[in-house]
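Inside the fold
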Amino acid sequence: MQKKWIINRTNREFIDYLSKAAGISPIVAQIMINRSIKTPEKVKSFFSASLDTLSDPYELPGMERAVDRIMNAISNGQRMLVHGDYDADGTTATAILVETLLRLDGIVEYFIPTRFKHGYGFHGAAVEIARDHNVGLIITVDCGISSFEAVELANSLGIDVIVTDHHEPLWSDKGIDGGEGGAASAVLPGAFCIVNPKLTGVDNPLSILTGAGVSLKLSMALMARRDEMEDFTSLLDIAAIGTIADVAPLIGDNRAIVKEGLRVLANKKRVGLRALLAATGMSERALEPDFMSYSVIPRINAAGRMADATSVVKLLITESLEEAETIAQYLNSVNIERQRVEEYVLEMSLIQVQRKGFDKVIVIADEGWHEGVLGIVASKMVDRYGLPAVVFSMKNGIARGSARSVPELDICDAISHCSECVIQFGGHRQAAGLTLKEEDIDRFETLINEHVKKTIANSDFTPIINIDADVALKDVNTKLLTELSRLSPYGYGNPEPILGAKGLMTLNPRIVGKNHLKLRLGYNGYIIDAIGYDLGGYLQELSMHERFDVAFTPTINSYNGIRSVQLNVKAFRPSD
């Protein structure tokens, strides 16, 4: 698919100033500017992210009241229930808090809903379980901010609820008490207290925390009450996984959590994660955020997609190597099944798209597609066609779907304009879930396409490749790579830098593996090895022009103990 190239350039004098003042190269200075890090102080803060830079847990609203109530429950031997969610953020958040409460001698159980029996979030079924188990305090993690009925039921049974969540609350111009005027106010369930960084305001740095991040903050505050502050560091490995999995911006506290959490993970002291890393077959490379997204995290998410994610929490908190290995192998097998089902649904989806065609939004549906893979398939349709996609599974006259979008379109807002035929929906700008009647699918497709045509220009659907800096090939060396390594860990909000070089010769291009393009790139006698993953389609075009502009990420390739610079090519275009 043809991409629009955007090359970031900044006033040369300003780049030179930041480079000298912060002690970084002009290339890295340009990358920092692209990330809105434009002062020497901010550069220093970015590079120095560590446990010392983590914010005070009590900056989160409701934290003190939550800690007081939990410590009271521990002191009085009151049974507590931690209610999580079935994705990686929810299960890691659950494990963090459960492990903390156990360390503090709390009496605690946990509950993870299943996608197919309970659905997402905190519902009455969990409250009834709490009642049957004589629970006096329910603590939600990664859910609960919109669970009005469940909280009301718990209150009627004399069970206190502490909601810890990071999702957006409902907002009302009239405020919580129905009063007129003023800015929009959060409409909140009547819980004992609520800890949610979104209540601090959209511009607050804490608003980017994940469910696992909020759970970690609560654990830090609880342990500090017992003078066990140093113990929270052992929870960072789990918190890092939840933060990466939820695709949270890796800046501020999230950057510190992931950076330090990966160091803890590398020590492999947690038997469950050690077993899971071994099950991936790539235990060393899996410690990098991008590889975790393809190795550890899919295995954690597979349980919630295909079965019951309670096993994930067991894996994360167990101290038994035998139990850990058993669960890790189970998660590995569930992930293999997920891949099989996903491949089938994707294949059927592509056939359907080719048969029926599409407009501005791809909408496809079929009977009995596995609901657990709809989101993944929708994401792959977006990647393939560069358009928003909604994938439905139909059963008993009801269509349940997952929607994924391109950056330019708020898919949740688009779905809201189809309310006449949508039973319920929820999500955020880039991803949403929705339910409607099977008979309304065609009407939904018409409505959402009409809305998108009115609001998004055709040019906005052209995929963009953002190039951080225009460089000379001779400047791409081990010294630059050493400096770039200080920018890691990479992820959403701090992507791995993409550099661009003009007028390069492509030498000895060939296909290797599964459609990967292997070649060498040269300019004025300077030559570097390169590989373009899944770029085999460029092979014929490379023979049609003498020189190309190339977008790439520089990496270190290790082979037979020899380390050398290798360019991971993202795109080519003929030079002018």
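Scroll up a little and you will see the structure.
Read on for a plain summary of the structure. (Residues numbered from 1 in each chain as written. Predicted model: local features only at pLDDT ≥ 70, side-chain atom pairs only at ≥ 80, totals over all residues. Heavy atoms only, no water.)

Okay, the sheet that holds strand S4 (residues 137-141) next. Strands sit in the order S3-S2-S4-S5-S8 across an open sheet of five strands; the sheet is parallel. A strand with exactly one partner marks an edge of an open sheet, and here the two such strands are strand S3 (107-111) and strand S8 (193-195). Adjacent strand axes in the sheet meet at a mean angle of 20° when their direction is disregarded. The sheet contact formed by S4 and strand S5 (residues 160-164) spans five bridges and is parallel. Paired with Thr-140 across the two strands is Val-163, which belongs to S5. Helix-sheet contacts for helix H6 (residues 124-132) involve strand S2 (79-83), S3 and S4, and the interaxial angle to S2 is about 160°. (Pairing = 2+ DSSP bridges. Helix = DSSP H or I, 4+ residues; strand = E, 2+ residues; numbered from the N terminus. Axes fitted to C-alpha atoms, helices over the stretch in contact; angles between N-to-C directions. Contact = heavy atoms within 4.5 Å.)

Below, the discussion takes up the side chain of Asn-301. With respect to the helices and strands, Asn-301 occurs in helix H13 (residues 296-306). With relative accessibility at 16%, the residue Asn-301 sits in the buried group. Only 2.8 Å separates the side chain of Asn-301 from the backbone nitrogen of Ala-88, close enough to count as a polar contact. Those residues in contact with Asn-301 that lie beyond four places of it in its chain are Asp-87 and Ala-88. (Buried < 20%, exposed > 50% of the residue type's maximum accessible area, 1.4 Å probe, protein only. Polar contact = N/O pair within 3.5 Å; in protein donor to acceptor, adjacent residues only side chain to side chain.)

Moving on, we come to empty space enclosed by the protein. Summed over the entire model, instances satisfying the criterion amount to one cavity of 30 Å³ or more. By volume, the largest cavity amounts to about 50 Å³. Along the walls of the largest cavity sit Trp-5, Ile-7, Ile-467, Asp-470, Gly-500, Ala-501, Lys-502, Asp-549, Val-550 and Arg-573, which together make up its complete lining. When contributions to the lining of the largest cavity are tallied by element, the ones reaching two or more residues are strand S1 (4-7), strand S16 (499-512) and strand S19 (547-559). Per-element accounting of the lining of the largest cavity gives the leading share, three residues, to S16. Here the residues of the lining of the largest cavity sort into five nonpolar, one polar and four charged. (1 Å grid on protein atoms, 1.4 Å probe; cavity = no way out; pocket = protein on both sides within 12 Å on 5 of 7 lines; lining within 4 Å. Points joined across faces, edges and corners; volume = space filled by probe spheres on them. Nonpolar A, V, L, I, M, F, W, Y, C, P; charged D, E, K, R; others polar.)

Turning next to the sheet that holds strand S10 (residues 389-395). The mixed open sheet is built from five strands, whose spatial order is S9-S10-S11-S13-S12. Strands at the two margins of the open sheet, each flanked by one partner only, are strand S9 (362-367) and strand S12 (424-427). The average angle at which neighbouring strand axes cross in this sheet is 15°, direction not considered. For S9 and S10, the ladder comprises six bridges, and the chain directions are parallel. By the bridge assignment for S10, Val-363 is matched with Val-390.

Turning our attention to the layout of surface pockets. Here the idea is plain: a probe the size of a water molecule rolls over the atoms and shows the empty space left. Reported here for the second largest pocket is a volume of approximately 310 Å³. Lining the second largest pocket are 15 residues; nearest its centre among them are Glu-99, Arg-103, Ser-234, Lys-269 and Arg-270. Looking at the lining of the second largest pocket, the elements that each hand over two or more residues are helix H5 (88-103) and helix H14 (310-317). Among the elements that take part in the lining of the second largest pocket, H5 stands out by supplying three residues, more than any other. Its residues assigned to classes, the lining of the second largest pocket comprises five nonpolar, four polar and six charged.

A word on the packing of helix H1 (residues 12-22) against helix H2 (residues 26-34). At a minimum axis separation of 9 Å, H1 and H2 run at an interaxial angle of 105°. Of the possible angle classes, the one that applies to H1 and H2 is roughly perpendicular. The residues of H2 that touch H1, namely those facing Arg-12, Phe-14, Ile-15, Leu-18 and Ser-19, are Pro-26, Ala-29, Gln-30, Met-32 and Ile-33. In the contact of H1 with H2, the residues fall into seven nonpolar, two polar and one charged. (Parallel < 35°, antiparallel > 145°, perpendicular 65-115°, else oblique.)

Topologically, Arg-35 is positioned in the loop between H2 and helix H3 (40-47). What makes Arg-35 buried here is its relative accessible area of 16%. For the pair Arg-35 and Pro-495, spaced 460 residues apart in sequence, the C-alpha to C-alpha distance is 9.4 Å. Non-local contacts of Arg-35, meaning those with residues more than four positions away in its chain, are made with Asp-468, Asn-494, Pro-495, Glu-496 and Pro-497.

So, about the nonpolar core. If you look at the biggest cluster of nonpolar residues, it comprises 72 residues, and the most contacted ones within it are Ile-70, Leu-101 and Leu-222. For this core, the element with the most residues is helix H8 (residues 211-225), which contributes eight residues. If you look at the next biggest cluster of nonpolar residues, it comprises 47 residues, including Val-363, Ala-403, Ala-414 and Ile-448. (Core = buried A, V, L, I, M, F, W, Y, C linked by side-chain atoms within 4.5 Å.)

A few words on the packing of aromatic side chains. Tallied over the entire structure, the rule returns six aromatic pairs. Each ring, one from Phe-548 and one from Phe-572, has its centre 6.1 Å from the other, and the planes form 80°; the classification is edge-to-face. Residue Phe-548 is located in strand S19, and its partner Phe-572 is located in strand S20 (residues 562-574); the two are separated by 24 residues in the primary sequence. Neither residue differs from the other here; Phe-548 and Phe-572 are each classed as buried. An aromatic cluster is built from Tyr-538, Phe-548 and Phe-572, whose rings are joined through pairwise contacts. It is Arg-255 that lies over the ring of Phe-46; its NZ or CZ is 3.7 Å from the centre. Its end group placed over the ring of Phe-47, Arg-486 keeps NZ or CZ at 3.9 Å from the ring centre. (Phe/Tyr/Trp six-rings, centres within 6.5 Å; stacked < 30°, edge-to-face > 60°. Lys NZ or Arg CZ within 6 Å of the ring centre and 35° of its normal.)

Here the focus is the packing of H5 against H14. Between H5 and H14, whose axes approach to 9 Å, the crossing angle comes to 45°. Relative to H14, the element H5 lies oblique. Considering the relative orientation of H5 and H14, their crossing is right-handed. On H14, the residues touching Thr-91, Thr-92, Thr-94, Ala-95, Val-98 and Glu-99 of H5 are Val-312, Val-313, Leu-316 and Ile-317. (Left-handed = near helix turned anticlockwise from the far one by under 90°.)

Our focus in this paragraph is helix H7 (residues 148-156). Along H7, the residues that are buried comprise Ala-150, Val-151 and Ala-154. The buried residues of H7 occupy one face: seen down the axis, they fall within an arc of 95°. For H7, the exposed residues set more than 90 degrees away from the buried face come down to Glu-149, Glu-152 and Ser-156. For H7, the elements touching its buried residues are H6 and S5. Two residues or fewer past H7, Gly-158 is found with a positive phi of approximately 80°. (Arc of directions from axis to C-beta.)

Another point: the pairing of S10. Taking burial as the measure, the seven residues of S10 include six buried ones, the bulk of the element. In this region the chain leaves S9, passes through helix H16 (residues 374-385) and returns to the parallel neighbour S10; the handedness of that crossover is right-handed. Where S10 and strand S11 (residues 398-404) come together, seven bridges link them in antiparallel fashion. Pairing of Ala-389 across the sheet is with Arg-404, part of S11. Connecting the antiparallel pair S10 and S11 is a turn made up of two residues, with Asn-396 showing a positive phi of about 55°. (Right-handed = clockwise from strand over helix to strand, strands pointing away.)

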